[in-house]
Each structure stands twice: as structure tokens, then as C-alpha cells.
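A structural walkthrough
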Amino acid sequence: MTDKRYQVFISATYMDLREERGMLLQTLPSLGCLPSTFEAHTQSLSTMVNIRRRIDECDYYLLIVGSRYGSLMPSGVSYTHMEYVYAATKQKPMLVLMHEAPETRSTEFQEQSIEGKLKFNDFRKVLQRERDNIVYWRDVKDLSHALHNAIPALIRKYPTVGWSRVIKGASTGATSTVSNSALEKECEALKRRVKELEAEKEKWLSAGVNSPETLAKGEDLFDIQYKCKAYAGGNCQDVFGKTRLSWNELLVSFGSNLLQAQTEEFMAAKLNERLQKNALAEIQSEYPKTHAVVDVQITPATFNAIKMQFRVLGYIQRVSRENDLKQWWQMTAIGERMLASIMSVRRTASRLA
């Protein structure tokens, strides 16, 4: 016998939904769900990496919409909106709890700027296209009632693995008696072979495909392609963008974070953060009506080119982690010296005189 639980990520604006958020945090555990959330006032571009991890780990995504669009990222999109886009791209089973008449709520809960109101209304239009996963509410009591009906229905419609706590003393049913020794031996053999191949690859790379003098580096510019979601008038479309950054700028974007080993996904996320800074202006040059861009993702081909360039230059190296299939990377001593040289603050000419 098991006691199954599901992890639910709660996405909501902060100032206008304090009471409603509190009710969700108290109610969800009684429905077999463990709430996970991230306070809006603590968010920044760097913490979006952690937010995405939280969403990845959750079984379900729950968005509660009141009467505010929320705090904006540099790209012009709110953090709440960004969380929704990410959950949608990951195809997380989701439930949207939308206030039926946001304009009737207290003035202190409303967006104060014209731009904020426009973005909030556009966001509602985007959400309302997915009618199957929307539940409307008017007050906390109404929301609580809707939650008790909607959460069980969501779990039935989109069953997930969740996690189970085995109850002591209860029957666990028949178990397999097949030995795992053969599988363990095969895994060990594969691990050894992987290490051999990695050693061969490192030896080949250290031999130098090209002389370092012939490789692009430093202030040389590199064309970077990325994909993002562009919003214009309530509509969203996937578009491709292009920018040019120097190799020094690229190294600075993630280098200080790789003084300790990090996953390849983390490295790509830091590059995406750098691209996000200029993405809106770059996309507007081709799509002038765009008012916000989200989910900026460097293309795999471009990311691999950057990764291999820095590897051949000797700035980064692969790091092995026992029983971990992810790709881990760390700065080399050469890379750290280069990063220090780029980021060091020089004395001004007047002080040198």
C-alpha cells in the first residue's frame, strides 16, 4: 500500500494575490499535492534557472491570475508570464485559475500603468485560447471550492508518476527476484568504455586541431543564432534572431560560474540570459510591433560551436561525475587567467601619471 503525492508549481503575482496564495498553500496538501513556489520579489534573470528546475521537477503547473501582470523582466515580459511559457514548452499538465472579472477588484490590486493594463489583457487573451484548462473564480471561498473540484480532475485527466511513501506493515505485493548482477557488470563495462573514449577525445583535442593563433578569440566577433517567442498584440509566434558578440563577451557570460563544475544546461542558460538583454531590440528590427520576447534559446548548432571553440582554445574542460550522465564543464587554469584578464579593473591614465 502506498500514499501517493504530487508536486505542484504555483505561479502567481505577489502583491494582489497574497490571500489567495496562502489559501492554495494550505489547501493543496489536503488534495495530495505538495506546493512549490518562488516569490516574485526575489526573482532575477539568474534565478530563472532555478525556477525552471523547480518546474521541471514538478508533476503539475498551477497558474493563478488576479488583476496584475506582475514584475517585469528586462525583456518586457513578467516573471509569471515567463514561468507559464516555460511550463507550456515543457508540456506540463496545467491548470489556470483566472479571476472572472479582474476589473471589479480593489484599486490597489489593479495595474497602475497603461502599459501594465495592456500587457495584462494581452496575457489573459493568450491564456483564454486554452479553454480546457481554465477555471474561473471571484473570491477566496469560490477559489477554494474550484480548487477542490479541479485538482482531482486534473490528476485523473493527466496521470503522472508522482512519488509514493511506502506504508510500514502494509503488503507491497509481489517483487521481482531477478538478479541485477548482469546489469551491473554491463553498466560497469560501459562506464569504462566511455572513460576510454573521453580520454581519446581529450588526447586528440590537446594535440591541437589548429594552432591557437589561427583561432578566433578575444574581441573577434561571432554570429549567434537563437530562437524565441515574440508577442505582438496578444499573439505569440516562434521567431529566429541573430546577434554578434565577441568571444570575450561570451566567456564573461558564463565563465565566472564555471570556476566550479556546472552542467551543460546551466552553461547554455547563462548564454541565453546574455542573449535576452538585446533580444527585444533585435527582434523589433524585423518585427516592429513586437512588445516582448521570452524563452530566448541559443540554437544547438551555435551552442556547440561556442563550446568546442572554448574547449580547443583550452579555456574549458569536461568533468566526469560518478553515476551522472549529464555533461559537466569547468574552467581550466588557462581559462581562469583569460577571464581574470578580461574582467580586471585597470587603473586610469590620470592615476598612472
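Below, the structure is looked at part by part. (Residues numbered from 1 in each chain as written. Predicted model: local features only at pLDDT ≥ 70, side-chain atom pairs only at ≥ 80, totals over all residues. Heavy atoms only, no water.)

This next bit is on the overall build of the protein. Per the secondary structure count, the protein includes eleven helices and twelve strands. Residues classed as buried in the protein amount to 44% of the 353 residues present. Sequence-distant contacts, at least 24 apart, represent 74% of the contacts inside the protein between residues at least 6 apart. If you sum the accessible surface of the protein, you get close to 19,900 Å²; carbon and sulfur atoms cover 52% of it. (Helix = DSSP H or I, 4+ residues; strand = E, 2+ residues; numbered from the N terminus. Buried < 20%, exposed > 50% of the residue type's maximum accessible area, 1.4 Å probe, protein only. Contact = heavy atoms within 4.5 Å. Areas by Shrake-Rupley, 256 points an atom, 1.4 Å probe, with all protein chains shown as cover.)

Pairing between sheet strands relies on hydrogen bonds along the backbone, with the strands arranged either parallel or antiparallel. Taking strand neighbours across the sheet as the criterion, the three strands line up as β8-β7-β10 in an open arrangement whose pairing is antiparallel. Pairing within the sheet leaves two strands with one partner each, and these edge strands are β8 (235-246) and β10 (292-298). Each adjacent strand pair in this sheet contributes to an overall mean axis angle of 30°, direction not counted. As paired strands, strand β7 (residues 221-232) and β8 are joined by twelve bridges and run antiparallel to one another. Each residue of the ladder has a partner; that of Ile224, found in β8, is Thr243. Relative to the sheet, helix α9 (residues 300-312) contacts β7 and β10, its axis offset from that of β7 by approximately 145°. (Pairing = 2+ DSSP bridges. Axes fitted to C-alpha atoms, helices over the stretch in contact; angles between N-to-C directions.)

This part covers the nonpolar core. By size, the foremost hydrophobic cluster in this structure holds 31 residues, and its most contacted members are Leu250, Phe254, Phe310 and Ile316. Only β7, β8, α7 (247-255), α8 (264-284), β10, α9 and β12 (328-331) provide two or more residues apiece to this core. Residue contributions to this core peak at seven residues, all from α8. Those residues in contact with Phe310 that lie beyond four places of it in its chain are Trp247, Leu250, Leu251, Phe254, Tyr315 and Ile316. Counting residues in hydrophobic clusters, the runner-up holds 28 residues, among them Phe9, Ile51, Val65 and Met82. (Core = buried A, V, L, I, M, F, W, Y, C linked by side-chain atoms within 4.5 Å.)

This part takes up the sheet that holds strand β9 (residues 262-263). Sheet architecture is open: three strands sit in the order β9-β12-β11, paired in antiparallel fashion. Among the strands making up the open sheet, the edge pair consists of β9 and β11 (316-319). In the sheet, β9 pairs with β12 via two bridges, with the strands oriented antiparallel. Bridging from a neighbouring strand, Gln262 pairs with Trp329 of β12.

A separate point is the pattern of salt bridges. Per the stated rule, a full pass over the model turns up nine salt bridges. With a shortest N-O distance of 3.2 Å, Glu115 and Lys119 are connected by a salt bridge. On the criterion of helical spacing, the pair formed by Glu115 and Lys119 is a turn pair, its members being four residues apart in helix α4 (residues 114-128). With a shortest N-O distance of 3.0 Å, Asp238 and Lys229 are connected by a salt bridge. Judged by its relative accessible area of 49%, Asp238 falls in the partly exposed class. A relative accessible area of 15% means that Lys229 is categorised as buried. When salt bridges with common partners are traced through the structure, they connect Asp16, Glu20 and Arg105 into a single cluster. (Salt bridge = Lys/Arg side-chain N within 4 Å of Asp/Glu carboxyl O.)

Let's shift gears to the packing of aromatic side chains. Counting across every chain of the model gives eight aromatic pairs. With a centroid separation of 5.9 Å and 80° between ring planes, the pair formed by Tyr69 and Phe123 is classed as edge-to-face. Here Phe123 lies in helix α4 and Tyr69 lies in the loop between β3 (60-65) and α3 (79-89), a separation of 54 residues in the sequence. Each member of the pair, Tyr69 as well as Phe123, is classed as buried. In this structure, Arg318 is placed above the aromatic ring of Trp329, and the distance from its NZ or CZ to the ring centre is 5.9 Å. (Phe/Tyr/Trp six-rings, centres within 6.5 Å; stacked < 30°, edge-to-face > 60°. Lys NZ or Arg CZ within 6 Å of the ring centre and 35° of its normal.)

Take the state of the cysteines next. Enumeration over the complete set of coordinates arrives at zero disulfides. Unpaired in terms of disulfides, Cys228 finds its nearest cysteine sulfur in Cys236, a separation of 9.0 Å. Judged by relative accessible area, which is 34%, Cys236 ranks as partly exposed. (Disulfide = S-S within 2.5 Å.)

Time to look at helix α5 (residues 140-157). In an α-helix, one full turn covers 3.6 residues, which means residues spaced three or four apart are oriented alike. Given a rise of 1.5 Å per residue, 18 residues ought to cover 26 Å, and the 25 Å separating the end C-alpha atoms of α5 matches this to within 8%. Remark: the principal bend of α5, roughly 25°, maps to Leu147. Where α5 is concerned, the buried positions are Val140, Leu143, Ser144, Ala146, Leu147, Ala150, Ile151, Leu154 and Ile155. The distance from a side-chain oxygen at the start of α5 to the backbone nitrogen of Lys141 is 3.3 Å, and the residue carrying that oxygen is Asp139. (Expected span 1.5 Å × (residues − 1). Bend = angle between axes of the 7 residues up to and from the residue. Polar contact = N/O pair within 3.5 Å; in protein donor to acceptor, adjacent residues only side chain to side chain.)

Moving on to the packing of α7 against α9. Orientation of α7 relative to α9, taken along the N-to-C sense of each, is 95°, at an axis distance of 12 Å. Viewed along their axes, α7 and α9 adopt a mutual orientation that is roughly perpendicular. Only Ile306, Gln309 and Phe310 of α9 make contact with α7, whose side of the interface consists of Trp247, Leu250, Leu251 and Phe254. (Parallel < 35°, antiparallel > 145°, perpendicular 65-115°, else oblique.)

The subject of this paragraph is helix α1 (residues 18-27). Within the sequence span of α1, burial applies to Glu20, Arg21, Met23, Leu24 and Thr27. The buried residues of α1 occupy one face: seen down the axis, they fall within an arc of 160°. Of the exposed residues in α1, those oriented more than 90 degrees away from the buried face are Glu19 and Gln26. (Arc of directions from axis to C-beta.)

The next point concerns the side chain of Asp295. When you line up the elements, Asp295 lands in strand β10. Engagement of the side chain of Asp295 in a polar contact is seen with the side chain of Gln297, the distance being 3.0 Å. Among residues more than four places away in sequence, those in contact with Asp295 are Met82, Val85, Thr89, Lys227, Cys228, Lys229 and Gln276.

It is worth stressing that arrangement in space is one thing and function is another; only the former is reported here.
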